[in-house]
2 protein chains.
Amino acid sequence: MERLRAARRLLHYSSSKSLFGPRSNPTSAEHPLRRSASGVWYWCPYIADQKGRFGGTFWGPTVGTGLGKTIRIQNRRFGSLAATIQRNPSFSTLNSDDISYFKGVLGEKNVIQDEDWLLSANTDWMRKYNGSSKLLLQPRSTEEVSRVLKYCNSRSLAVVPQGGNTGLVGGSVPVFDEVIINMGSMNNIVSFDEVSGILVCEAGCILENLISFLDNQGFIMPLDLGAKGSCQIGGNVSTNAGGLRLVRYGSLHGNVLGIEVVLANGDVLDMLGTLRKDNTGYDLKHLFIGSEGSLGIITKVSILTPPKLSSVNLAFLACKDYSSCLKLLLEAKRRLGEVLSAFEFLDNQSLDLVLNHLEGVRNPLPPSMHNFYVLIETTGSDESYDKEKLEAFLLRSMEGGLISDGVLAQDINQASSFWRIREGVPEALMKAGAIYKYDLSLPVEKMYNLVEEMRIRLGDSSKVIGYGHLGDGNLHLNISTPQYDDMILAQIEPFVYEWTSKHRGSISAEHGLGLMKANKIFYSKSRESVQLMASIKKLMDPNGILNPYKVLPHSLSYG
Amino acid sequence: MERLRAARRLLHYSSSKSLFGPRSNPTSAEHPLRRSASGVWYWCPYIADQKGRFGGTFWGPTVGTGLGKTIRIQNRRFGSLAATIQRNPSFSTLNSDDISYFKGVLGEKNVIQDEDWLLSANTDWMRKYNGSSKLLLQPRSTEEVSRVLKYCNSRSLAVVPQGGNTGLVGGSVPVFDEVIINMGSMNNIVSFDEVSGILVCEAGCILENLISFLDNQGFIMPLDLGAKGSCQIGGNVSTNAGGLRLVRYGSLHGNVLGIEVVLANGDVLDMLGTLRKDNTGYDLKHLFIGSEGSLGIITKVSILTPPKLSSVNLAFLACKDYSSCLKLLLEAKRRLGEVLSAFEFLDNQSLDLVLNHLEGVRNPLPPSMHNFYVLIETTGSDESYDKEKLEAFLLRSMEGGLISDGVLAQDINQASSFWRIREGVPEALMKAGAIYKYDLSLPVEKMYNLVEEMRIRLGDSSKVIGYGHLGDGNLHLNISTPQYDDMILAQIEPFVYEWTSKHRGSISAEHGLGLMKANKIFYSKSRESVQLMASIKKLMDPNGILNPYKVLPHSLSYG
């Protein structure tokens with residue numbers, strides 16, 4: 001009887017008008033640094049006014065920019081990382097002849113030495129990492145990238161390729177004085193084939209612009225990210241970005257059909273195929289997908305885009321335990337099969353955090369003791385049928401005891417409010433205090449054990465929460481404390497990496513290694529594999545000028 | 001009115017009992033060489049008794065095998081290829097100490113010197129290529145593969161890794177006296193996770209056995225091939241096999257989550273991750289997917305398998321021109337979206353060939369002048385709904401003039417008979433005379449132009465037919481002549497490769513390069529790309545012992 005009542009609530013959830021307001025754009029919600037139309041980064045006060053400690057970082061004084069915007073800069077106090085890395089002494093230092101050469105190639109206005117501009121380009125969006133580059137270049141063509149790299153290689157000038165600078169591991173900003181090569185001026189769509197759905201575009205295209213372009217053509221991008229308003233497709237491909245659509249459309253290794261890339265010596269590798277099938281030799285493009293700009297600079301991308309499907313449905317569900325979440329996932333894969341497009345989860349503690357720290361967010365379920373919450377989204381081509389199908393699945397799951405309670409969004413506003421809960425967790429965490437963030441892939445059945453073990457380990461000193469892309473086996477483990485504390489960090493690390501390694505997980509599911517985890521690669525990759533990576537790096541970039549100090553352990557990178 | 005009548009026929013095609021018999025197994029239909037339970041290849045008389053010329057090859061005398069089977073061997077007359085390749089003089093020649101060493105590592109019975117056994121292992125299934133190896137090894141573990149390769153590398157003994165030996169480009173047999181490392185004894189399933197659908201198995205597992213295993217678990221392999229009864233998963237991954245399910249599930253670069261591979265020097269690279277997301281360093285596994293055993297020997301594979309969906313529907317349709325086929329493809333992607341699982345096409349000439357040369361095959365449509373035929377398959381989770389959906393789509397397409405006529409299979413026997421037409425084309429071609437076969441990827445809108453241009457070029461001397469995986473942009477271009485003729489070949493090549501190259505196509509969509517097209521790689525890949533491939537080969541296999549003379553141009557491989 002209780003079950004039936006629950007089922008009724010599931011199916012007849014009142015469609016009152018916009019209970020919680022429209023779905024927020026995760027870009028504005030999560031990215032304090034944003035880019036103006038002129039390409040200049042500015043500080044978004046939405047997050048800036050928190051002024052909180054974040055991972056041991058203290059926000060510094062306000063600094064004026066050249067365009068009348070203000071940004072806050074951070075004093076560099078991030079642990080002892082900077083102290084342990086030495087600038088590679090084989091790199092040259094920029095001189096006036098270099099500047100003249102670049103002006104000759106790119107034109108005066110694309111050779112940026114403006115201090116304020118450089119200040120923001122030197123700083124990552126978390127304001128956790130900042131370099132001291134004196135030069136930003138804005139090439140407008142592959143040929144210009146090629147001439148720039150050829151020159152830098154001959155002069156042993158280190159470079160950092162930069163897209164939207166939305167990365168989370170310090171991969172897209174200089175560590176020392178590397179020349180920044182910003183790809184934002186290469187932002188043209190080259191071609192779109194509406195029969196095959198294949199898009200070819202330059203690397204600097206902003207993801208959201210591509211999404212809009214395709215929307216008009218009746219197609220979608222196979223990836224969607226919180227940072228879509230700023231991130232660029234070249235950066236997405238270079239970092240093998242994951243995101244919300246991976247469970248449905250797979251990774252970029254499957255969707256990217258071709259790339260054009262400039263190697264360290266300036267050679268252009270034209271691998272810009274637009275073919276779904278091509279078995280002629282080694283498929284080299286995969287080396288560049290996810291290598292974080294350390295093997296070459298991607299200048300163009302060819303990508304397979306799926307047709308847009310009109311019918312989207314979303315349910316917000318409660319489960320009594322993690323095992324029920326897993327069974328529900330299995331059932332959803334089997335019964336929703338071809339229409340399943342997202343399967344996200346968050347624990348009770350994550351929901352509490354969101355409800356306590358974000359304004360206007362409410363729990364769509366009546367207050368009760370549920371330990372886990374799941375969002376299931378379906379995307380298909382038939383509105384009435386797809387909804388019926390999801391409803392039947394939910395009823396069945398509820399009757400089978402896998403779901404304790406749940407609601408189905410009746411309109412786009414409700415769907416937005418459900419997504420706001422899941423996507424609001426990072427923002428709520430930032431408001432709650434200091435955070436230790438881990439982005440892990442783990443075998444799905446063991447995934448939540450880590451959260452529980454961490455709770456036992458840390459006791460009352462911290463709040464341990466787990467959420468993420470359950471459908472992809474991707475856990476976002478976050479430890480929230482009132483303030484940053486080395487003692488707590490020592491209890492978390494290396495335990496969290498060792499635990500992940502023991503279960504053959506990945507210490508970076510979708511964020512990459514960048515500067516932050518370059519030395520931690522051995523937790524997820526064998527010594528033989530890393531040695532081979534280093535040999536390939538040496539082969540392709542013998543002077544090590546491309547995005548130095550990142551991805552590979554410093555012991556193998558140079559010296 | 002006529003359209004309506006056509007639509008009625010479409011929907012009310014009589015479901016008479018098994019008009020054409022059950023769907024033939026493409027393995028038996030296409031593979032003259034088959035493997036007995038003991039691992040010995042034998043000649044399947046089904047095709048052997050054709051005794052026809054095939055691509056300049058004459059079938060030779062019958063030879064007895066050690067197990068009482070008989071096989072026919074081929075005199076080596078295949079063009080001038082053998083004459084142009086010289087055995088790499090830096091390779092050693094096998095001696096008795098080598099044999100003793102291998103017996104010590106693998107045990108006596110896994111070191112095969114039996115002449116008949118070697119005869120079949122030296123010959124590819126088309127009987128187009130044959131080597132003269134004196135030794136076949138059957139390792140049973142990764143460690144054994146490692147010890148064998150370490151030894152071979154130290155002795156400069158060349159090796160050829162061999163799976164099911166079902167390749168079409170001479171990649172899986174020795175060219176000279178390379179040691180054959182057959183993976184068939186490593187055929188265990190290591191694990192299967194029914195929540196994530198991730199299968200881990202050894203490289204020697206036969207694809208059909210994996211399909212059966214998964215079927216019992218409620219899952220399917222994301223790839224399905226005509227050769228499934230013989231081919232092994234390690235070979236599939238090494239050659240990046242395509243097949244029938246690619247349009248739905250994508251390529252192995254997207255589905256393979258991890259591999260274990262033994263390098264030329266015996267080092268084992270453990271990249272056997274079971275994670276959907278892992279961004280820790282360069283994703284090296286992709287180097288091995290499709291490198292045809294020239295960079296390492298794959299010993300284990302981890303693969304993401306989709307849940308089995310119960311509802312499959314198939315339509316056989318006629319279109320008046322190629323442009324209608326393209327529009328139909330676009331509409332199918334948009335309207336069938338999530339359930340579309342195959343979109344194959346064949347031209348009128350292909351159908352004629354099948355009807356004329358294969359017994360028991362009939363045209364399911366009333367005789368009429370149609371230029372093209374399309375098979376559309378849907379796979380979903382709801383039988384009645386999926387069928388309705390396909391029917392509605394077909395009616396609409398017929399009313400819109402995209403389809404001229406069509407039938408929908410009413411049962412599995414009819415579905416089999418429709419598939420038999422499409423899958424019977426290669427067999428019908430073999431019966432028709434000599435064939436020149438090309439497996440091309442081309443931009444889909446230009447694909448059929450090549451067939452038409454070739455017809456004009458060759459005039460009445462040949463029959464030019466086009467069929468293939470339209471949904472993937474993969475054309476199988478075949479030229480059928482009464483007998484092999486160098487004059488005709490000179491009219492086809494290099495024209496076909498140049499045409500493909502001009503349109504940025506691939507000269508090998510799914511078959512690989514092997515020995516056959518190693519020197520033709522430049523038609524599809526730039527000089528810079530091939531040079532980088534050769535540098536990577538040199539880095540990873542400095543003595544060049546792994547599958548020599550294949551994949552890369554001979555000028556870059558050694559010497």
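Residues numbered from 1 in each chain as written. Chains lettered and ligands numbered in written order. Predicted model: local features only at pLDDT ≥ 70, side-chain atom pairs only at ≥ 80, totals over all residues. Heavy atoms only, no water.

### Re the interface of chain B and chain A
And step 1. Taken together, the contacts link 91 residues of chain B with 91 residues of chain A.
And step 2. Summing both sides of the interface, chain B and chain A together bury roughly 7200 Å²; the carbon and sulfur share of this comes to 56%.
And step 3. For chain B, the biggest contributors to the area lost against chain A are B:Lys277, B:Asn279 and B:Tyr282; these three give 15% of the whole.
And step 4. Here B:Arg504 and A:Asp270 are joined by a salt bridge, their closest N and O atoms 2.8 Å apart.
And step 5. The interface formed by chain B and chain A contains 44 residue pairs in polar contact (both at pLDDT 80 or more).
And step 6. For the side of chain B that touches chain A, the secondary structure elements donating two or more residues are helix 10 (246–249), helix 11 (252–255), strand 12 (268–271), helix 12 (285–288), helix 13 (322–335), helix 15 (383–399) and helix 21 (527–540) of chain B.
And step 7. With nine residues, helix 21 of chain B is the largest single contributor of residues to the side of chain B that touches chain A.
And step 8. Looking at the side of chain B that touches chain A residue by residue, the class counts come to 34 nonpolar, 34 polar and 23 charged. (Contact = heavy atoms within 4.5 Å. Buried area = accessible area lost by both parts, 1.4 Å probe. Salt bridge = Lys/Arg side-chain N within 4 Å of Asp/Glu carboxyl O. Polar contact = N/O pair within 3.5 Å; in protein donor to acceptor, adjacent residues only side chain to side chain. Helix = DSSP H or I, 4+ residues; strand = E, 2+ residues; numbered from the N terminus. Nonpolar A, V, L, I, M, F, W, Y, C, P; charged D, E, K, R; others polar.)

### Structural notes on the nonpolar core
Generally speaking, soluble globular proteins have nonpolar side chains that are buried together.
And step 1. Membership of the largest hydrophobic core comes to 249 residues, with the highest contact counts inside it found for A:Phe288, A:Leu477, B:Phe288, B:Ile376 and B:Leu477.
And step 2. With residues near it in sequence (within four places) discarded, B:Ile376 still touches B:Asn313, B:Leu314, B:Ala315, B:Leu317, B:Leu328, B:Ala332, B:Leu336, B:Leu340, B:Ala342, B:Phe343, B:Leu390 and B:Phe393.
And step 3. Counting 26 residues, the second-largest nonpolar core is a separate cluster that includes A:Ala342, A:Leu365, A:Ala409 and A:Ile465. (Core = buried A, V, L, I, M, F, W, Y, C linked by side-chain atoms within 4.5 Å. Buried < 20%, exposed > 50% of the residue type's maximum accessible area, 1.4 Å probe, protein only.)

### A short note on the pairing of strand 16 (residues 372–380) of chain A
Residues and elements named next belong to chain A.
And step 1. Among the nine residues of strand 16, nine are classified as buried, and the element is accordingly described as predominantly covered.
And step 2. The two faces of strand 16 match: Phe-372, Val-374, Ile-376, Thr-378 and Gly-380 on one face and Tyr-373, Leu-375, Glu-377 and Thr-379 on the other face are all buried.
And step 3. By the bridge criterion, nine bridges tie strand 14 (residues 311–319) to strand 16 in an arrangement that is antiparallel. Note on strand 16: the bridge partner recorded for Ala-318 is Tyr-373.
And step 4. Judged from the seven bridges that link them, strand 15 (residues 340–347) and strand 16 form a sheet pairing that is antiparallel. Looking at the pairing, Leu-346 lines up with Tyr-373 of strand 16. (Pairing = 2+ DSSP bridges.)

### Details of the environment of B:Ile421
Residue and element names in this part refer to chain B.
And step 1. Tracing the chain through its elements places Ile-421 in helix 16 (residues 412–423).
And step 2. Separated by 223 residues in the primary sequence, Ile-421 and Ile-198 place their C-alpha atoms 34 Å from one another.
And step 3. Setting aside residues up to four positions removed in sequence, Ile-421 forms contacts with Phe-316, Leu-346, Leu-351, Val-354, Val-361, Arg-362 and Pro-364.

### Comments concerning the domain arrangement of chain A
And step 1. Entries for chain A in the domain assignment read domain 1 (96–182), domain 2 (189–304) and domain 3 (311–503).
And step 2. Computed over C-alpha atoms only, the centres of domain 1 of chain A and domain 3 of chain A are separated by 39 Å. (Domains from an automatic or database assignment.)

### Quick notes on the relation of the copies chain B and chain A
In this structure, two copies of a chain are linked by a rotation about an axis accompanied by a shift along it.
And step 1. For the pair chain B and chain A, the best superposition has an RMSD of 0.0 Å and corresponds to a rotation of 180 degrees with a translation of 0.0 Å parallel to the axis. With respect to symmetry, the two chain copies, as superposed, fit the operation of a two-fold axis. Residue B:Gly254, judged by its C-alpha, is the member of chain B lying nearest the rotation axis, at 2.1 Å.
And step 2. Here 100% of the interface residues in chain B have copies in chain A that are interface residues too; the copies meet face to matching face. (Least-squares fit on C-alpha atoms with pLDDT ≥ 70 in both.)

### A short note on the packing of aromatic side chains
And step 1. Overall, the coordinates contain 37 aromatic pairs over all chains when judged by the stated rule.
And step 2. For the pair B:Phe91 and B:Tyr549, a centre-to-centre distance of 6.4 Å together with 85 degrees between the ring planes defines the contact as edge-to-face. On the criterion of sequence distance, the pair formed by B:Phe91 in the loop between helix 4 (81–84) and helix 5 (96–106) and B:Tyr549 in the loop between helix 21 and helix 22 (554–557) is long-range, its members being 458 residues apart. In this structure, B:Phe91 and B:Tyr549 share a single accessibility class: buried.
And step 3. Three or more aromatic residues joined by ring pairs make a cluster, and in this case those are A:Tyr322, A:Phe345, A:Phe372 and A:Tyr448.
And step 4. Across the ring face of B:Phe495, the terminal group of B:Arg457 is positioned such that the distance to the ring centre comes to 4.1 Å. (Phe/Tyr/Trp six-rings, centres within 6.5 Å; stacked < 30°, edge-to-face > 60°. Lys NZ or Arg CZ within 6 Å of the ring centre and 35° of its normal.)

### Looking at the sheet that holds strand 6 (residues 136–137) of chain B
Residue and element names in this part refer to chain B.
And step 1. Taken in spatial order, the four strands line up as 5-6-8-7 in an open sheet, and their pairing is mixed. The sheet terminates laterally at strand 5 (111–112) and strand 7 (159–162), the two strands that pair on one side only.
And step 2. Bridge analysis of strand 6 against strand 8 (residues 179–182) gives two bridges, and the strand direction is parallel. Opposite Leu-136, over in strand 8, you have Ile-180 as the bridge partner.

### Section: the pattern of salt bridges
Residue and element names in this part refer to chain A.
And step 1. Here the structure, examined in full by the defined rule, presents 38 salt bridges over all chains.
And step 2. Here Glu-108 ties to Lys-103 by a salt bridge, and the two come within 3.3 Å at their closest N and O atoms.
And step 3. A relative accessible area of 57% means that Glu-108 is categorised as exposed.
And step 4. Note on Lys-103: relative accessible area 26%, which makes it partly exposed.
And step 5. A salt bridge links Glu-260 to Lys-300, with the shortest nitrogen-to-oxygen separation between them at 3.1 Å. In this pair, Glu-260 is assigned in strand 11 (residues 256–262) and Lys-300 in strand 13 (residues 297–304), connecting sequence segments 40 residues apart. Assigned by exposure class, Glu-260 and Lys-300 land together as buried.
And step 6. Put simply, Asp-224, Lys-228 and Arg-245 are held in one network by salt bridges that share partners.

### Thoughts on unusual backbone geometry
The general pattern is negative phi for most residues beyond glycine and trans for most peptide bonds.
And step 1. Each neighbour pair has its own omega, and for A:Glu493 with A:Pro494 the value is 5 degrees, a cis peptide bond.
And step 2. Here A:Pro494 shows up in the loop between helix 19 (486–492) and helix 20 (495–502).
And step 3. For B:Asn165, which is not glycine, the phi dihedral falls at a positive 55 degrees.
And step 4. Positive phi, close to 45 degrees, is recorded for B:Asn547, a residue that is not glycine.
And step 5. Checked against the element boundaries, B:Asn547 lands in the loop between helix 21 and helix 22.
And step 6. We classify B:Asn547 as buried; its relative accessible area is 3%.

### Topic: the confidence of the model for chain A
And step 1. For chain A, mean pLDDT is 84; residues scoring 70 or higher make up 85% of the total.
And step 2. In this model residues 1–83 of chain A is a low-confidence stretch, pLDDT under 50, and it forms 189 contacts with partners more than four residues away in sequence or in other chains. (pLDDT = per-residue confidence, 0-100.)

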